[in-house]
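Analysis of the macromolecular model
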Amino acid sequence: GDEILTAIAPAPVGDGGVGEELAALPGVALVAPLANFDLAFQGSRLEATAIRGTDFAADGRLTFTAGDRAAALEAVDAGGAVILPQARAQRLGLGLGDVLAVIGAGGPVELKVAGIVERSFPGRTGEAVLVGWRDAETAFGAVGADVFAIRYAPGARSTTSPAVAELARSYALTLAPISAVEGALGDALDRVFGLLDLFAVVALVIAALGIVNTISMDTWERVRELGVFRAAGMSRRQVWRSVLVEGGIL
């Protein structure tokens with residue numbers, strides 16, 4: 001989308017919902033509702049996001065690594081199917097055509113893996129699995145959208161965005177351009193990577209001190225042995241070389 005609308009409470013999806021009102025505004029090309037919820041899988045929490053496959057059929061950045069894109073998105077809308085991010089699929093040991101057995105609001109639910117994508121929506125502990133709105137509402141208790149992604153028609157953003165913002169305020173929705181969301185995520189990642197770089201530098205300094213200390217003590221304790229080598233004809237260059245080789249291996 002071009003802009004993101006975040007709901008304080010789940011917003012109704014379907015006839016008469018805010019999504020329908022947003023889609024009716026002139027200049028709005030697409031309104032994609034998204035909902036985040038948790039599934040129970042083998043005694044652990046599995047994060048999921050509800051999508052409409054038709055919204056991603058001709059748009060979006062879902063890059064499929066397994067399965068047919070059109071067929072997978074159609075299967076998600078039909079129900080009983082799931083799209084897995086590649087990292088999750090590898091962690092769960094699932095492939096294309098396998099069944100993901102989870103616990104929903106009404107009991108056990110089996111979802112067939114219709115496709116695998118490189119990246120999905122981020123969750124708290126990893127990337128979310130993607131299910132259709134039909135399953136989300138009937139089997140997993142989703143009551144509305146947490147986020148609406150807005151796509152404008154070409155050249156219509158400047159004139160349509162104020163109308164979207166006004167409607168968003170009436171429904172207590174928070175409006176943010178996708179560039180602002182990307183910038184916030186980028187800043188957060190930069191801080192995390194900067195902290196990791198600092199830890200790496202500290203670890204490198206500590207490791208270097210430990211290696212220098214180990215080599216120094218080892219050489220000091222072998223003074224007599226090295227003296228015997230020197231007396232037997234070993235040159236200073238050869239002594240240095242042997243010490244450096246041992247240090248390099250360490």
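Refer to the preceding data block for the structure.
Now for a description of the structure that goes with this document. (Residues numbered from 1 in each chain as written. Predicted model: local features only at pLDDT ≥ 70, side-chain atom pairs only at ≥ 80, totals over all residues. Heavy atoms only, no water.)

Time to look at the pairing of strand β7 (residues 107–117). Burial runs high along β7: eight of the eleven residues are buried. Two elements, strand β4 (residues 64–66) and β7, share two bridges in a ladder whose sense is antiparallel. Residue Phe64 lies in a different strand from β7, and its bridge partner there is Val117. Sheet topology places strand β5 (residues 81–85) next to β7; five bridges connect them, and they run parallel. Bridge pairing links Val82 to Val113 in β7. Where strand β6 (residues 99–104) lies against β7, six bridges are found, and the strand directions are antiparallel. Bridge pairing links Val102 to Val109 in β7. Remark: two residues form the turn of the hairpin made by β6 and β7, two consecutive strands paired antiparallel. (Buried < 20%, exposed > 50% of the residue type's maximum accessible area, 1.4 Å probe, protein only. Helix = DSSP H or I, 4+ residues; strand = E, 2+ residues; numbered from the N terminus. Pairing = 2+ DSSP bridges.)

Looking now at the environment of Arg52. Inspection of the secondary structure puts Arg52 in the loop between β3 (44–51) and α2 (53–57). Among the polar contacts listed, one links the side chain of Arg52 to the backbone oxygen of Val31, at a separation of 2.6 Å. (Polar contact = N/O pair within 3.5 Å; in protein donor to acceptor, adjacent residues only side chain to side chain.)

In this section: a nonpolar patch on the surface. Residues Leu189, Val192, Phe193, Leu195, Leu196, Leu198, Phe199, Val202 and Ile206 make up a contiguous nonpolar surface patch of about 860 Å² in total accessible area. Take Val202: it is sitting in helix α7 (residues 178–221). (Patch = residues over 30% accessible without salt bridge, like charges linked within 9 Å, V, L, I, M, F, W, Y side chains within 5 Å. Areas by Shrake-Rupley, 256 points an atom, 1.4 Å probe, with all protein chains shown as cover. Salt bridge = Lys/Arg side-chain N within 4 Å of Asp/Glu carboxyl O.)

The subject of this paragraph is the pairing of strand β2 (residues 28–41). Note on strand geometry: in a regular strand, side chains alternate between the two faces of the sheet. As judged from the six bridges shared by β2 and strand β9 (residues 145–152), these two strands associate in the antiparallel manner. Pairing of Val28 across the sheet is with Tyr152, part of β9. Pairing analysis gives seven bridges linking β2 to β3, with the strands arranged antiparallel. Bridged to Asn36 within β3 is Thr49.

Looking now at helix α6 (residues 157–170). In this model, α6 (14 residues) spans 20 Å end to end at C-alpha, consistent with the 20 Å of a helix rising 1.5 Å per residue. Within the span of α6, buried status applies to Thr160, Ser161, Val164, Ala165, Leu167 and Ala168. In a view along the axis of α6, the buried residues occupy a sector of 170 degrees, so they form one face of it. Set apart from the buried face of α6 by more than 90 degrees, the exposed residues are Ser158, Thr159, Glu166, Arg169 and Ser170. Following α6 by one or two positions, Ala172 adopts a phi angle in the positive range, close to 55 degrees. (Expected span 1.5 Å × (residues − 1). Arc of directions from axis to C-beta.)

The next point concerns the nonpolar core. In terms of nonpolar packing, the biggest core is built from 40 residues, with Leu22, Phe37 and Phe148 touching the most fellow members. For this core, the leading source of residues is β2, giving six residues. Ignoring any residue separated from it by four or fewer positions in sequence, one finds Leu22 in contact with Leu5, Val28, Val31, Phe148, Ile150, Val164 and Leu167. Within the second largest apolar cluster, 17 residues are counted, among which are Ala32, Phe64, Ala114 and Leu130. (Core = buried A, V, L, I, M, F, W, Y, C linked by side-chain atoms within 4.5 Å. Contact = heavy atoms within 4.5 Å.)

For the coordinates displayed, the defined rule picks out six salt bridges. The salt bridge involving Asp218 is made with Arg222; its shortest N-O contact spans 3.3 Å. We classify Asp218 as partly exposed; its relative accessible area is 31%. A single salt-bridge network, built from bridges that share partners, covers Asp218, Arg222, Glu225 and Glu246.

Attention now moves to the environment of Asp59. Assignment of secondary structure puts Asp59 in the loop between α2 and β4. Setting aside anything within four residues of it in sequence, one finds Asp59 in contact with Leu30, Arg69 and Arg151.

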